[in-house]
Structure formats: structure tokens, C-alpha cells
Amino acid sequence: MRFLSKILGVILVLHVSLILYTNHSFFFSKFDEVYWKDKYEHSQWKLPLSVRTLGDDGLYLYEGYRLIHGGDPTLLNAEVPPLGKYLIGASILTLGNGHWYGFLTTTLALLTFFFLSKFLLGNGLLALAVTTLVAADPLITSQFPLTMLDSLQLLFLLVTFTLLLRGRLVLAGLAFGLFSETKFPILGLPVAILACLFLWRTTRSVKKLLLFFTATTFAYLLTYTY
């Protein structure tokens, strides 16, 4: 058992180390405000017919920088909630570029997935094996250097489930509010229905349902406090 755990641990460490090595040009670069402003100003976001397209990752990167320096979240890309973009900006401000945001959120999502798996399976080795398989998935691997919002939303979703299962309703509600506030909350409704069903079956308490959704509303609105 210990031998297998060590093998899986080594595989995970090597996998993450390889990601860091192959993407070192991203992680150890410095954010160039002039370059990204020019890229945005000449992209399809400002000039609809422009051939110099800018992807969502570049848009969130520039918007994160702008917001963390006091920009108005209602003036650019306002259809996407600002939480993730603020965190990308915080990564630029503290770590020099936004790509560490992708690395940290994806790593934390995998750690949360491991603890959730361990709680559900009741076996640390199985949880580690499942986490290793998920970490090696190309879709997850590709998220490590990206300034996107998917890993952050996954992180808050996993935290919500973990806290719900442990009966931490207020913290689970806060996590669900942040989940809903990461991207356009189209996925919020099905998760809210699942949370309602789970809470009602386990507690039969309207008060606890209200407590959960009050915390959710508070967390959702908090990031709009300019």
C-alpha cells in the first residue's frame, strides 16, 4: 500500500514538474502592459472586423490587470463576473504574471478533488489513484498555464460539495456563491437543485436551506463591491 502510494505520488510530482518545465516561458515571464493593451485595442473586442484576434485567456489577462489597478468592472467584458479576473490581476501584481493563477487554481482543484475522493471512497490509496488519473487528463493538464476561469470554477464546485458533505452549510453556501460568481451562472441552477435535494434529504430543515442560500447570495454580491 505504501509502495503504491509513493509510486503514485512520484508520478504526480513528475507530472507537475514537467508542466512547470514545458511552460517555464509563461511562468517566468513578466506581464507587459503596453503589449497587452495594444493587443486588446487592435483585437475583435474593440474592432469587430479585426484579424488580430484575442482569445478569452488574453482578454481575462488584460482585464485582470486593469481591474486590479482600479478599473471599472462594468466597462469591459462585463458579461463575465469579475472574481476570476480580480484573481488573475492579483497574480500579476504579486507574482509578476497571470499564469501562476492558472497553476495555483488547478493545483488547488486537484488537492480538493483528492480530499473529496478520500471522503467518498474512504481509502487514501484509491483517492490518490483517481486524482492521478484526473491530473493526467489532457483537459486538466492544459489548464495549468492558462488565464481562464474553468479551474477556478471547478475548485469552488469541489469545495462546495466537500463542505456540504461535512455539514458546513455556511461555508458551503459561500463557496457556492463564489462558484456562481466565477463565470456566467448558467451552471448555478442545476447545482442549486442538487444542493436543495441533498440538504432537504439530510436535514429536513427550511432554516438550513435559507442559511445556505443566504450565504450564497452574500458571497455572490460581495465581489461586486467596487
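Right, let's walk through the structure included here.

Each value, and the rule that gives it
- Residues numbered from 1 in each chain as written.
- Predicted model: local features only at pLDDT ≥ 70, side-chain atom pairs only at ≥ 80, totals over all residues.
- Heavy atoms only, no water.
- Helix = DSSP H or I, 4+ residues; strand = E, 2+ residues; numbered from the N terminus.
- Buried < 20%, exposed > 50% of the residue type's maximum accessible area, 1.4 Å probe, protein only.
- Contact = heavy atoms within 4.5 Å.
- Lys, Arg positive; Asp, Glu negative; His and termini not counted.
- Salt bridge = Lys/Arg side-chain N within 4 Å of Asp/Glu carboxyl O.
- Polar contact = N/O pair within 3.5 Å; in protein donor to acceptor, adjacent residues only side chain to side chain.

Take the overall build of the chain next. Assigned secondary structure in the chain consists of twelve helices and zero strands. For the chain, the α and β elements follow one another from N to C terminus as α-α-α-α-α-α-α-α-α-α-α-α. Taken along the three principal axes of its C-alpha coordinates, the chain extends 55 × 50 × 30 Å. Taken over 226 residues, the chain has a buried fraction of 42%. Of all intrachain contacts in the chain linking residues separated by at least 6 positions in sequence, the fraction that spans at least 24 positions is 63%.

A few words now on the side chain of Glu-181. Relative to the helices and strands, Glu-181 is located in the loop between helix 10 (169–180) and helix 11 (188–203). Lys-85 provides the closest opposite charge to the buried, salt-bridge-free Glu-181, at an N-O distance of 8.4 Å. Engagement of the side chain of Glu-181 in a polar contact is seen with the side chain of Thr-223, the distance being 3.0 Å. Discounting residues that sit within four places of it in the chain, Glu-181 has contacts with Pro-81, Pro-82, Leu-83, Tyr-220, Thr-223 and Tyr-224.

This part takes up the pattern of salt bridges. Two side chains with opposite charge may pair up if their charged atoms get near one another. Overall, the coordinates contain three salt bridges when judged by the stated rule. The partner of Arg-52 in a salt bridge is Asp-38, and the shortest N-O contact between them spans 3.1 Å. Of this pair, Arg-52 sits in the loop between helix 3 (33–41) and helix 4 (56–68) while Asp-38 sits in helix 3; the two residues are 14 residues apart in sequence, bridging distant segments of the chain. On the basis of relative accessibility, which here comes to 33%, the residue Asp-38 falls in the partly exposed class. Arg-66 is the partner of Glu-63 in a salt bridge, and the nearest nitrogen-oxygen pair spans 3.0 Å. Of this pair, Glu-63 and Arg-66 are both found in helix 4, three residues apart, which corresponds to roughly one turn of the helix. Note on Glu-63: relative accessible area 0%, which makes it buried.

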